[in-house]
Amino acid sequence: MQTKAFTPLLEVLPGLLAKFECDNPGGSHKVRAARHIVNKALERGEIIPGRTTVIEKTGGNFGFGLAVACHKFNIPVELAVGLSFSPVKRQCLELFGAKLIGVDMLNEGLAPREVIEWHLAHAEELGKHYYYTDQFNNPDSLAAHEFETGPEIVEQLKAWPHIKSLTLVKCAGTGASLTGIARSLIAAGYLIRVVLVEPVGCDSQSGVFTDHKFEGMAVGVKPPFVDWQLISEVKRVDYERMLICQKEFARANGYFVGNTTAACLLIAQELAAKTDEAHKILTLLYDHGLWYLKMR
Ligand SMILES: Cc1ncc(COP(=O)(O)O)c(C=O)c1O
């Protein structure tokens, strides 16, 4: 079990604790899932350095996490990145060492999923031994947060010995960080309420999604790792209110956080007004906001 703290946990407002996951290598909490998935696949012999290429469909934070996790073992990473991702993000993924695959196929209208399926089906002709990390179906995503991020937070909470209960304010893409962290806090004896933050118009539990600019949450599939029994309440955030919160947080704290983070902060700040020594709000700063300026 990993208990060494990698990212700070700070009380950014009275009553509101934030875990600075944006300070991880690769710029987000997703490096933890990537690292755990890669390490476990190495242990099981499913990734063989020198032979295996890791493949995934993402242009998001998981891609950066994979590039970081694989570089250590000299494992090549190939990513099918949807055309909606910014050119800067593509360039940066390449800079981190990932190879972007299937660009022609994407230009012809294929989905990133189909690009992956084609590559897996043609692995032999391509002379590749692929390991598909498949973050939405890989239980090691969840384990990363249950056995690494969660215990790290539990260790850091010792700095607030009076806390007995926490309201966890989180959004969900895969849901791995939400459920993993919540389970770990419960196992450590904390009373937990979980507030799920969603964009206005989305209802992940029912599989209802609209287009929105909160990249990383409510991604168009029911989050596979959300344990719905943990969710006490769902709060919906609109883009304009998120932008105001993002700007105010940057000015007050010097951190220009990403859109999903600002959405969670908006709800977390409202709830922080009703805390006391024994009860605090906990949220994650998932990533930084510069990526998303292009989306405005
Ligand atoms: C910026 C951002 N916020 C939130 C999430 C959701 O994280 P999880 O997949 O652990 O639910 C992601 C996932 O990619 C993300 O990139």
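Before reading further, recall that the structure is shown in the block above.
These figures come from a predicted structure and were not determined experimentally.

Caption draft 1: View of the overall build of the chain. When you go through the chain residue by residue, the secondary structure sums to ten helices and ten strands. The C-alpha atoms of the chain give 19 Å as radius of gyration, which agrees with the globular expectation for 296 residues (19 Å, within 12%). Overall size of the chain, expressed as C-alpha extent along the three principal axes, is 60 × 40 × 35 Å. Residues classed as buried in the chain amount to 54% of the 296 residues present.

Caption draft 2: The arrangement of the site of the ligand in detail. The local shell around the ligand holds 16 residues, among which Lys 30, Gly 173, Thr 174, Ser 177 and Thr 260 are the closest. The contact in question runs from an oxygen atom of the ligand to an N or O atom on the backbone of Gly 173, over 2.8 Å. When the free accessible area of the ligand is taken as 390 Å², the share hidden by the protein chains comes to 94%. Taken together, the residues that form the shell around the ligand break down as five nonpolar, eight polar and three charged.

Caption draft 3: Here's a closer look at the sheet that holds strand S8 (residues 191-199). Within the open sheet, the six strands sit side by side as S1-S2-S10-S7-S8-S9. Their pairing is mixed. In this open sheet, the two edge strands, each paired with only one partner strand, are strand S1 (9-13) and strand S9 (231-237). Strand-to-strand twist in this sheet, taken as the mean axis angle between neighbours without regard to direction, amounts to 30°. In this sheet, strand S10 (residues 279-284) lies alongside strand S7 (residues 165-170) in parallel orientation, the contact comprising five bridges. Across the sheet, the residue bridging to Leu 166 is Lys 280, located in S10.

Caption draft 4: Molecular detail of the packing of helix H9 (residues 239-253) against helix H10 (residues 259-272). Taken N-terminus to C-terminus, the directions of H9 and H10 make an angle of 85°; their axes are 8 Å apart at the nearest point. The orientation of H9 relative to H10 falls into the category roughly perpendicular. Residues Tyr 239, Arg 241, Met 242, Cys 245, Gln 246 and Phe 249 of H9 lie in contact with H10, whose contacting residues are Asn 259, Ala 262, Ala 263, Leu 265, Leu 266, Gln 269 and Glu 270. By residue class, the composition of the contact of H9 with H10 is eight nonpolar, three polar and two charged.

Caption draft 5: Quick look at the sheet that holds strand S6 (residues 129-132). Reading across from one edge, S5-S4-S3-S6 is the order of the four strands in this open sheet, with parallel pairing throughout. In this open sheet, the two strands that pair with only one neighbour each are strand S5 (98-100) and S6. Within the sheet, the average angular offset between the axes of one strand and its neighbour, ignoring direction, is 35°. Bridge count for strand S3 (residues 52-56) against S6 is four bridges, and the pairing is parallel. Across the sheet, Thr 53 pairs through a bridge with Tyr 130, a residue of S6.

Caption draft 6: Quick look at the side chain of Thr 174. The topology assignment puts Thr 174 in the loop between S7 and helix H8 (176-187). A polar atom in the side chain of Thr 174 sits 3.0 Å from the backbone nitrogen of Ala 176. Discounting chain neighbours no more than four positions away, the residues touching Thr 174 are Lys 30, Gln 135, Phe 136, Pro 223, Pro 224, Phe 225 and Val 226.

Caption draft 7: A look at the packing of aromatic side chains. Here the structure, examined in full by the defined rule, presents four aromatic pairs. Judged by centre distance (6.1 Å) and plane angle (90°), the ring pair of Phe 214 and Tyr 239 falls under edge-to-face. Separated by 25 residues along the polypeptide, Phe 214 in the loop between S8 and S9 and Tyr 239 in helix H9 bring together distant segments of the chain. Overall, Phe 214 belongs to the buried group, its relative accessible area being 3%. Classification of Tyr 239 by relative accessible area gives buried; the value is 15%. Counting every residue linked through ring pairs, the aromatic cluster contains Phe 64, Phe 96 and Trp 291. Sitting above the plane of the Phe 6 ring, Arg 35 keeps its charged end 5.6 Å from the centroid.

Caption draft 8: Up close: the nonpolar core. Core analysis: the largest hydrophobic core is formed by 52 residues, its most contacted members being Leu 157, Val 169, Leu 185 and Val 197. The biggest single contributor to this core is H10, with nine residues. In this structure Val 197 touches Val 169, Lys 170, Cys 171, Met 217, Lys 235, Val 237, Ala 263, Cys 264 and Ile 267, once residues within four positions along its chain are discounted. Counting residues in each nonpolar core, the second largest holds 22 residues, with Ala 33, Ala 34, Ile 37 and Leu 66 among its members.

Caption draft 9: Focus on the side chain of Thr 179. Topologically, Thr 179 is positioned in helix H8. Among the residues examined, Thr 179 registers a relative accessible area of 0% and is labelled buried. Here Asp 227 takes part through its backbone nitrogen, which lies 3.1 Å from a polar atom of the side chain of Thr 179. Apart from the residues within four sequence positions on either side, Thr 179 is in contact with Leu 142, Phe 225, Val 226, Asp 227 and Leu 230.

Caption draft 10: Just the pairing of strand S2 (residues 16-19), in detail. Here S2 shows a buried face lined by Leu 16 and Ala 18 and a second buried face lined by Leu 17 and Lys 19. Two strands pair when backbone bridges link them, and S1 and S2 are joined in this way by four bridges, in the antiparallel orientation. Within S2, the residue paired with Glu 11 across the bridge is Leu 17. What sits between the antiparallel neighbours S1 and S2 is a turn of two residues, in which Gly 15 has the positive phi angle 90°. Examined bridge by bridge, S2 and S10 share four bridges and lie parallel to one another. Note that in S10 the partner of Lys 19 across the bridge is Leu 284.

Each value, and the rule that gives it
Residues numbered from 1 in each chain as written. Predicted model: local features only at pLDDT ≥ 70, side-chain atom pairs only at ≥ 80, totals over all residues. Heavy atoms only, no water. Helix = DSSP H or I, 4+ residues; strand = E, 2+ residues; numbered from the N terminus. Rg over C-alpha atoms; globule rule 2.2 N^0.38 Å. Buried < 20%, exposed > 50% of the residue type's maximum accessible area, 1.4 Å probe, protein only. Near = heavy atom within 4 Å. Polar contact = N/O pair within 3.5 Å; in protein donor to acceptor, adjacent residues only side chain to side chain. Areas by Shrake-Rupley, 256 points an atom, 1.4 Å probe, with all protein chains shown as cover. Nonpolar A, V, L, I, M, F, W, Y, C, P; charged D, E, K, R; others polar. Pairing = 2+ DSSP bridges. Axes fitted to C-alpha atoms, helices over the stretch in contact; angles between N-to-C directions. Parallel < 35°, antiparallel > 145°, perpendicular 65-115°, else oblique. Contact = heavy atoms within 4.5 Å. Phe/Tyr/Trp six-rings, centres within 6.5 Å; stacked < 30°, edge-to-face > 60°. Lys NZ or Arg CZ within 6 Å of the ring centre and 35° of its normal. Core = buried A, V, L, I, M, F, W, Y, C linked by side-chain atoms within 4.5 Å.

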